[in-house]
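Observations on the three-dimensional arrangement
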Amino acid sequence: MTEVTVATKIGSEELKRIDAIVRRRGLLNRSDLVREAIRLYLSLTSLETEARLRMLRLINESAGVSGKTAGQLVEEARREEDA
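The text that follows walks through the structure, step by step, so that each part is easy to find. All of these numbers come straight from a predicted model, not from anything done at the bench. (Residues numbered from 1 in each chain as written. Predicted model: local features only at pLDDT ≥ 70, side-chain atom pairs only at ≥ 80, totals over all residues. Heavy atoms only, no water.)

1. Focus: the overall build of the chain
Filter applied, for reference: The helix count covers DSSP runs of H or I at least four residues long, the strand count covers runs of E at least two residues long, and both are numbered beginning at the N terminus. Relative accessible area decides the class of each residue, using a 1.4 Å probe on protein chains only: under 20% of the type maximum gives buried, over 50% gives exposed, and in between gives partly exposed. Throughout, a contact is declared for two residues whenever any of their heavy atoms are within 4.5 Å. Residue exposure ignores everything except the shown protein chains as possible cover, and the areas themselves are Shrake-Rupley values with a 1.4 Å probe.
Assigned secondary structure in the chain consists of four helices and zero strands. The order of helices and strands in the chain, counted from the N terminus, is α-α-α-α. Looking at the chain as a whole, 14% of its 83 residues are labelled buried. A separation threshold of at least 6 residues defines the contact pool for the chain, and within that pool the share at least 24 residues apart is 18%. Accessible area of the chain: about 6900 Å², with a carbon and sulfur share of 54%.

Pasting the structure below:
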C-alpha cells in the first residue's frame, strides 16, 4: 500500500458535513472517508457511459450538496467521454 497526501481548502460548512458523514458511517477519521470517495470515483470511471451517468445523477440527487445540477454532471460526463 502506498501513502498519498491530499491537501485542499474546505469551508466550515463542508467540514461539518464531512464530520457528520464520518460519524454516520462509523469511520475512524476523515482519511477513511477520502479513501472511500476515491474508491467510488475509480469504480464509476470504469463503468460504461450510460451506467456512469445514471450513477452520477443518483449520487447528485441523493447528496444534494453539489453546486451542479444532474444535467450539468451528465454534460460533463459526455464531454469527458468524447475527449
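That was the structure; now back to the text.
2. Side note on helix α1 (residues 12-25)
An α-helical segment advances 3.6 residues per turn. Residues three or four places apart therefore align on the same side. Operational definition: An expected span of 1.5 Å times one less than the residue number is assigned to each helix.
When the terminal C-alpha atoms of α1 are compared, their 20 Å separation across 14 residues agrees well with the 20 Å that a helix rising 1.5 Å per residue should span. The positive-phi residue at the C-terminal boundary of α1 is G26, with phi of around 70 degrees.

3. A word on the packing of α1 against helix α2 (residues 30-45)
Between two packed helices, the angle of one axis relative to the other and the distance separating the axes together describe the packing. Inclusion rule: As a rule, the C-alpha atoms of each element are fitted with a line to give its axis, helices using only the stretch in contact, and angles between N-to-C directions run from 0 to 180 degrees. Under this scheme an angle from 65 to 115 degrees is roughly perpendicular, one under 35 degrees roughly parallel, and one over 145 degrees roughly antiparallel; angles in between are oblique.
Between α1 and α2, the shortest axis-to-axis distance is 9 Å and the interhelical angle comes to 90 degrees. On the basis of their axis angle, the class for α1 and α2 is roughly perpendicular. Contacts between α1 and α2 pair L15, I18, D19, I21, V22 and R25 from the former with R30, L33 and E36 from the latter.

4. Section: the pattern of salt bridges
Let me state the cut-off plainly: In what follows, salt bridge is the name for a side-chain nitrogen of Lys or Arg lying within 4 Å of a carboxyl oxygen of Asp or Glu.
Scanning all chains against the criterion turns up four salt bridges. R30 is the salt-bridge partner of D19, the closest N and O atoms lying 2.7 Å from each other. Here the residue D19 occupies a position in helix α1, and R30 occupies one in helix α2, the gap between them amounting to 11 residues. The exposure class of R30 is partly exposed, given its relative accessible area of 42%. With a closest N to O distance of 2.8 Å, E36 and R25 form a salt bridge. A residue pair is termed long-range when its members are at least 10 positions apart, and E36 in helix α2 and R25 in helix α1 qualify at 11 residues. Residue class for R25 comes out exposed when judged on its relative accessible area of 52%.

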